[in-house]
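What the coordinates show
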Amino acid sequence: CVSRVVSHLTFPTTGTAGTARVDIGFSSASSTAPSAASAQPAYTGRFATVMSSLKAGKKDDAVREAESWYAAAPADVMALVALGEAKEATGDKVAAARAYGSVLELFSFRADSRRFAGERLERLGTPFGFALAADAFRGAAEQRPDHPASHRLLAFSLLRDGKYKEAFEAMEQGAKHTYPDGR
């Protein structure tokens, strides 16, 4: 459809060869995108309860719900994330780091979990959060060198810490890999 339209475009000649850039916006009255009313909620279950409490400014309610959930299901990754979110919102960055660090402990065999937890730890903006994040990203890069995000996150983490040579080496290591299309 697009190629058919583009093939019929013509441009005025200027007498010199050159390149034309064409920006095309698309819209459709019969869009198949879901409407806001029919879209799935961003959060569900107990995680939705915690996040709704935080959004409403009810931090103590969020902490109580997250702690209750964690006590009932200490190996549930979403309970740990909810606990980290609630503790982070109250300013208890040490407890938030413990919750996000627990994701690392329980799911260290998964590079995606390492990256997720590392990003949450970085978000805390504390020296111990940064150190744990760098370690998480290093582990993810070693575990799954075929995931470019691990190398990028590690390099940025090292760069933030002023370890420029190591940051460059991490990025170079990632650049040396051949990745399947789409990565």
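A few points on the structure. (Residues numbered from 1 in each chain as written. Predicted model: local features only at pLDDT ≥ 70, side-chain atom pairs only at ≥ 80, totals over all residues. Heavy atoms only, no water.)

Observations regarding the packing of aromatic side chains
Think of a pair of aromatic rings as described by two things: how far the centres are apart, and how the planes are tilted against each other in angle. Taken as a whole and judged by the stated rule, the model has two aromatic pairs. A ring pair is formed by Tyr43 and Phe47, whose centres lie 5.1 Å apart and whose planes are at 65°; its orientation type is edge-to-face. Look at Tyr43 and you get partly exposed, because its relative accessible area is 40%. Ring centres of Phe107 and Phe109 lie 6.2 Å apart, and the angle between their planes is 50°; this geometry places the pair in the tilted category. The class of Phe109 is exposed, set by a relative accessible area of 57%. (Phe/Tyr/Trp six-rings, centres within 6.5 Å; stacked < 30°, edge-to-face > 60°. Buried < 20%, exposed > 50% of the residue type's maximum accessible area, 1.4 Å probe, protein only.)

Details of a nonpolar patch on the surface
A cluster of nonpolar side chains, namely Phe156, Leu159, Tyr164 and Met171, defines an oily patch on the protein surface of about 420 Å² accessible area. Sorting the residues of the nonpolar patch by element identifies helix 8 (148-160) and helix 9 (164-176) as the ones contributing at least two each. Position of Phe156 relative to the elements: it lies in helix 8. Exposure remark for Phe156: the relative accessible area of 45% places this residue in the partly exposed category. (Patch = residues over 30% accessible without salt bridge, like charges linked within 9 Å, V, L, I, M, F, W, Y side chains within 5 Å. Areas by Shrake-Rupley, 256 points an atom, 1.4 Å probe, with all protein chains shown as cover. Salt bridge = Lys/Arg side-chain N within 4 Å of Asp/Glu carboxyl O. Helix = DSSP H or I, 4+ residues; strand = E, 2+ residues; numbered from the N terminus.)

Some thoughts on the pattern of salt bridges
Per the counting criterion, the structure on display carries 12 salt bridges. Ionic pairing is found between Glu65 and Arg46, a salt bridge with its closest N-O pair at 2.6 Å. On the criterion of sequence distance, the pair formed by Glu65 in helix 3 (residues 59-72) and Arg46 in helix 2 (residues 45-55) is long-range, its members being 19 residues apart. Residue Glu166 pairs with Arg138 through a salt bridge whose shortest N-O separation is 3.9 Å. Of this pair, Glu166 sits in helix 9 while Arg138 sits in helix 7 (residues 127-143); the two residues are 28 residues apart in sequence, bridging distant segments of the chain. With a relative accessible area of 37%, Glu166 lands in the partly exposed category. Assessed through its relative accessible area of 29%, Arg138 is described here as partly exposed. Each of Glu85, Glu88, Arg120 and Arg123 takes part in one network of salt bridges that share partners.

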